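# Structural description and commentary
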Amino acid sequence: MSRVTVVGSVNLDLVATAPRLPVPGETVTDATFSTHPGGKGANQALAARRMGAEVRFIGCIGSDTEAIQATRLLRQARVDMSGCRTVADHPTGVALIIVGPGGENQIVVAPGANRALSPEDVLVSDDETVVCQLEIPIDAVAAAVGQAGFSILNCAPARDMPDGLLASCDVVVVNQSERDFYGSRLEMVPLVIQTLGPAGAVAMKGNTELVRVPSLKVDSVDAVGAGDAFVGALAVELASGSELPAAMRIATATGALATTRRGAQTALPTREEVLEALERT
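The present account deals with the structure reproduced in this document. (Residues numbered from 1 in each chain as written. Predicted model: local features only at pLDDT ≥ 70, side-chain atom pairs only at ≥ 80, totals over all residues. Heavy atoms only, no water.)

### Structural notes on the overall build of the protein chain
When you go through the protein chain residue by residue, the secondary structure sums to 8 helices and 13 strands. Taking contacts inside the protein chain between residues at least 6 apart in sequence as the whole, the part at least 24 apart equals 58%. Carbon together with sulfur atoms contributes 53% to the accessible area of the protein chain, which is approximately 12100 Å² in total. (Helix = DSSP H or I, 4+ residues; strand = E, 2+ residues; numbered from the N terminus. Contact = heavy atoms within 4.5 Å. Areas by Shrake-Rupley, 256 points an atom, 1.4 Å probe, with all protein chains shown as cover.)

### Things to note about the pairing of strand β11 (residues 192-195)
Neither face of β11 is left uncovered, since the one carrying Val192 and Gln194 and the one carrying Ile193 and Thr195 both have all their residues buried. As paired strands, strand β10 (residues 171-174) and β11 are joined by 3 bridges and run parallel to one another. The residue bridging Val174 from the neighbouring strand is Gln194, located in β11. Strand direction decides the pairing type here: β11 and strand β12 (residues 201-205), joined by 4 bridges, are antiparallel. Residue pairing in the sheet places Thr195 in a bridge with Ala201 of β12. Linking β11 to β12, which pair antiparallel, is a turn of 5 residues; within it Gly197 sits at a positive phi near 65 degrees. (Buried < 20%, exposed > 50% of the residue type's maximum accessible area, 1.4 Å probe, protein only. Pairing = 2+ DSSP bridges.)

### A word on the packing of helix α1 (residues 40-50) against helix α6 (residues 226-239)
α6 packs onto α1 with a crossing angle of 50 degrees between their chain directions and a minimal axis gap of 8 Å. Between α1 and α6, the crossing angle belongs to the class labelled oblique. Handedness of the crossing formed by α1 with α6: right-handed. For the pair α1 and α6, contact is made by Lys40, Asn43, Gln44, Ala47 and Ala48 and by Asp228, Ala229, Val231, Gly232 and Val236, respectively. The residue makeup of the contact of α1 with α6, split by class, is 5 nonpolar, 3 polar and 2 charged. (Axes fitted to C-alpha atoms, helices over the stretch in contact; angles between N-to-C directions. Parallel < 35°, antiparallel > 145°, perpendicular 65-115°, else oblique. Left-handed = near helix turned anticlockwise from the far one by under 90°. Nonpolar A, V, L, I, M, F, W, Y, C, P; charged D, E, K, R; others polar.)

### Section: the environment of Thr32
Along the chain, the position of Thr32 falls in strand β3 (residues 32-38). On the basis of relative accessible area, Thr32 is assigned to the exposed category, the value being 52%. C-alpha separation for the pair Thr32 and Val15, spaced 17 residues apart in sequence, amounts to 8.1 Å. Among all residues touching Thr32, those that are not within four sequence positions of it are Val15, Ala16 and Thr17.

### What to know about the sheet that holds strand β5 (residues 80-87)
What the 9 strands build is an open sheet, ordered β5-β4-β1-β8-β9-β10-β11-β12-β13; its pairing is mixed. Every other strand in the sheet has two partners, leaving β5 and β13 (208-213) as the edge strands with one partner each. For this sheet, the mean inter-axis angle between neighbouring strands, taken without regard to orientation, is 20 degrees. Contacts between α1 and the sheet are confined to β1 (3-7), β4 (54-62), β8 (129-132) and β9 (150-154), with β4 contributing the most and set at about 160 degrees to the helix. Sitting on the sheet, helix α2 (residues 65-76) touches β4 and β5, and the angle it makes with β4 is about 175 degrees.

### Here's the deal with the sheet that holds strand β6 (residues 93-99)
In space, the 4 strands of this open sheet follow the order β3-β2-β6-β7, with mixed pairing throughout. Looking at which strands have only one partner, the edges of the open sheet turn out to be β3 and β7 (105-110). Each strand axis lies, on average, 20 degrees off the axis of its neighbour in the sheet, ignoring direction. In terms of strand pairing, β6 meets β7 through 6 bridges, oriented antiparallel. Within β7, the residue paired with Val99 across the bridge is Asn105. On the sheet, α2 packs against β2 (11-17) and β3 and is oriented at approximately 70 degrees with respect to β3.

### Remarks on helix α8 (residues 271-280)
Within the sequence span of α8, burial applies to Val274, Ala277 and Leu278. Within α8, the buried residues cover an arc of 100 degrees as seen down the axis, which keeps them to one side. Opposite the buried face of α8, at more than 90 degrees from it, the exposed residues are Glu272, Glu279 and Arg280. Buried residues in α8 make contact with α7 (244-258). (Arc of directions from axis to C-beta.)

Right under this line is the structure:
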């Protein structure tokens, strides 16, 4: 069983599923409302756990009822939460999400306790595969990448960071908008993997395309958390020693299946579901 440590965010997702997404200044009615555990870090940790890895999570939550809801599925899945610190002076992070009929979404995040994560909270060893995102302070990300034996940085949401941090990552995962944000700076990264939505994913080294894999054809209802499903599965496969094409094939299938159910963590597939879907195709 592979081992993965995720250093990242925990949020409670407040989701309104609407007939269509509003334009600026517009109110759209007739939505339905639900709450789900979320946060890119927590999503990726649970995705890795459901893909069969032993997972440790490092992050921060508030001392409120939202924290209980936000971490419920992680604890049920027996993710190691010993590195998740409770801070009394910050609320648990919250994400406000609007989902349209085709699964497209708009998201606003109030980070709350995620901002309290410090480099001192991040203790990893040089034999660990570590996954980070950018919903936590950059100095905490730098501490994780600097200590890790193998590091995967999901540059989401896109934020500026030192060139040295980008260059020190073993793998960087971006979508199209994030790739556009970083531009030529990504050429200093040993391996960049770009998710392409329904078109799959592509791995690049500099300007050279190394691997391109298609996605599964599925009936998407909600794209929230699909990128996190991809990253969590990718981390598990690379940590277990899979070759890059095979790891990307598993990851793209995991991301695709995550769009067939609503919510982020509630939609994450198990390893058995992913393998069965790949066998059918």
